[in-house]
Amino acid sequence: TPGHINWNNNIISGLPASADPTGGARLTNTQKSNLNEKNANYIDYIAGTNVFRMGRSVSGIRIGELRSRDFLVAKITTAYQNKLINSKVVPYTDSGINEMRSVLKSVLDSTVTTPAQPNILQDINPYTTFFPKRIDVSFSDLASGTLNGSFVAYLAGAIDIIKVEGTLTYELSA
């Protein structure tokens, strides 16, 4: 399920670690670095476990982000289709516009992270919706029955890489 798994650092079973195509040996650090620079995914062998690395598309976008986007598009599209198909009419009034806003909010609410469950959207201010008042709708949109709404949703994200700096020293005694 989108939002519930991070593709980077995911344990892979049933597939071998990526190998050098010329010799069959495991990838060198240089080869891994080159793959990382190209946003290429590979399976790394770490402490006896095969682990998926990078989790990115060729463009550099994280696979989880792409899956979340596609999932939201499908869920929102289905919710609006169901609303329009199952309603005799949705009036072009402030009330009808609010019904359409509620459909969107219902889908987005179902993807918000909770303290007990990771999900697609962040838990604090996860999204904002924008729908016009009936009086602000253009004549052409009204005449065609088109409602233009929008939203901005904020991804929860996942930690892929950890960088920690430290110093090891001796305490000087007085």
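Use the structure listed above.
Caption draft 1: Up close: the layout of surface pockets. Approximately 410 Å³ is the volume attributed to the largest pocket. Its residues placed into classes, the lining of the largest pocket shows 15 nonpolar, 6 polar and 2 charged. A class-by-class count of the residues in the lining of the second largest pocket yields 9 nonpolar, 10 polar and 3 charged.

Caption draft 2: Looking closely at the packing of aromatic side chains. The full count for this structure, using the stated rule, is 1 aromatic pair. An angle of 70 degrees between the planes, with centres 6.2 Å apart, marks the rings of Trp7 and Phe52 as edge-to-face. A residue pair is termed long-range when its members are at least 10 positions apart, and Trp7 in the segment before strand E1 (10–11) and Phe52 in strand E3 (residues 49–53) qualify at 45 residues. Exposure remark for Trp7: the relative accessible area of 28% places this residue in the partly exposed category. Directly above the aromatic system of Tyr45 lies the positively charged group of Arg26, at a separation of 3.7 Å from the ring centroid.

Caption draft 3: Main features of the environment of Val103. With respect to the helices and strands, Val103 occurs in helix H3 (residues 94–109). Setting aside anything within four residues of it in sequence, one finds Val103 in contact with Ala79, Tyr80 and Lys83.

Caption draft 4: Up close: the pairing of strand E2 (residues 42–46). As judged from the 5 bridges shared by E2 and E3, these two strands associate in the antiparallel manner. Paired with Asp44 across the two strands is Val51, which belongs to E3.

Caption draft 5: Looking closely at helix H2 (residues 63–86). The end-to-end C-alpha distance of H2, which contains 24 residues, comes to 34 Å, matching closely the 34 Å that a straight helix rising 1.5 Å per residue would cover. By the burial criterion, the buried members of H2 are Ile63, Ser68, Leu72, Ile76 and Tyr80. Elements that come into contact with the buried residues of H2 comprise E3, H3 and strand E5 (150–153).

The rules we used
- Residues numbered from 1 in each chain as written.
- Predicted model: local features only at pLDDT ≥ 70, side-chain atom pairs only at ≥ 80, totals over all residues.
- Heavy atoms only, no water.
- 1 Å grid on protein atoms, 1.4 Å probe; cavity = no way out; pocket = protein on both sides within 12 Å on 5 of 7 lines; lining within 4 Å.
- Points joined across faces, edges and corners; volume = space filled by probe spheres on them.
- Nonpolar A, V, L, I, M, F, W, Y, C, P; charged D, E, K, R; others polar.
- Phe/Tyr/Trp six-rings, centres within 6.5 Å; stacked < 30°, edge-to-face > 60°.
- Helix = DSSP H or I, 4+ residues; strand = E, 2+ residues; numbered from the N terminus.
- Buried < 20%, exposed > 50% of the residue type's maximum accessible area, 1.4 Å probe, protein only.
- Lys NZ or Arg CZ within 6 Å of the ring centre and 35° of its normal.
- Contact = heavy atoms within 4.5 Å.
- Pairing = 2+ DSSP bridges.
- Expected span 1.5 Å × (residues − 1).

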